[in-house]
Amino acid sequence: MNLEYPVIALLGAFLTFYLAKHNRFDGIRASASLSIIAYLILSALNLNPDLYSVVFFGGTFIGMSAPHRFGIYTVASSSILFSFLFEYLVPKLDGYGGALGISAFLAVCICHMCILLGAPRSKKPAP
């Protein structure tokens, strides 16, 4: 397991999660703009931008999840779970696209099911 995958996925998820809360951004705009910026930075640093930007983009999928349902602990858990699923599904599926979508969906779905079954949730910040 690469340690880079969970770190990059966490970065993408949390940046999207917090940026989507601003007035000018929603989840889709936050994900798209952050993914473009991440790709440009990774390309400039020559750090395997094709692979790492896909992992970052998958992390932004997690960050786009409903903020009224997910808190920081659930976003972190989903991101880490996404990185494990992504690494193990890439060799089994043809290309990054299928592994990216199914990994993000399964990570969010598993964490949401755990919440429905009684797992502790992140506390909502006081208004």
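The rules we used
Residues numbered from 1 in each chain as written. Predicted model: local features only at pLDDT ≥ 70, side-chain atom pairs only at ≥ 80, totals over all residues. Heavy atoms only, no water. Patch = residues over 30% accessible without salt bridge, like charges linked within 9 Å, V, L, I, M, F, W, Y side chains within 5 Å. Areas by Shrake-Rupley, 256 points an atom, 1.4 Å probe, with all protein chains shown as cover. Salt bridge = Lys/Arg side-chain N within 4 Å of Asp/Glu carboxyl O. Helix = DSSP H or I, 4+ residues; strand = E, 2+ residues; numbered from the N terminus. Buried < 20%, exposed > 50% of the residue type's maximum accessible area, 1.4 Å probe, protein only. Phe/Tyr/Trp six-rings, centres within 6.5 Å; stacked < 30°, edge-to-face > 60°.

**Quick word on a nonpolar patch on the surface**
Taken together, the side chains of Ile37, Ile41, Leu45 and Leu47 define a hydrophobic patch exposed on the protein surface, amounting to about 380 Å² of accessible area. If you trace the backbone, Leu45 turns up in helix α2 (residues 27-45). For Leu45, a relative accessible area of 54% puts it in the exposed group.

**Things to note about the packing of aromatic side chains**
Summed over the entire model, instances satisfying the criterion amount to six aromatic pairs. Here Tyr5 and Phe86 contribute two aromatic rings whose centre-to-centre distance is 6.2 Å and whose plane-to-plane angle is 70 degrees, an arrangement assigned as edge-to-face. Of the two residues, Tyr5 is situated in helix α1 (residues 4-19) and Phe86 in helix α4 (residues 72-89); the sequence distance between them amounts to 81 residues. Residue classification places Tyr5 among the buried residues on the basis of a relative accessible area of 8%. Judged by relative accessible area, Phe86 falls into the buried class, the value being 1%. Judged by centre distance (6.2 Å) and plane angle (20 degrees), the rings of Phe14 and Tyr18 are stacked. Of this pair, Phe14 and Tyr18 are both found in helix α1, four residues apart, which corresponds to roughly one turn of the helix. A relative accessible area of 43% places Tyr18 in the partly exposed class.

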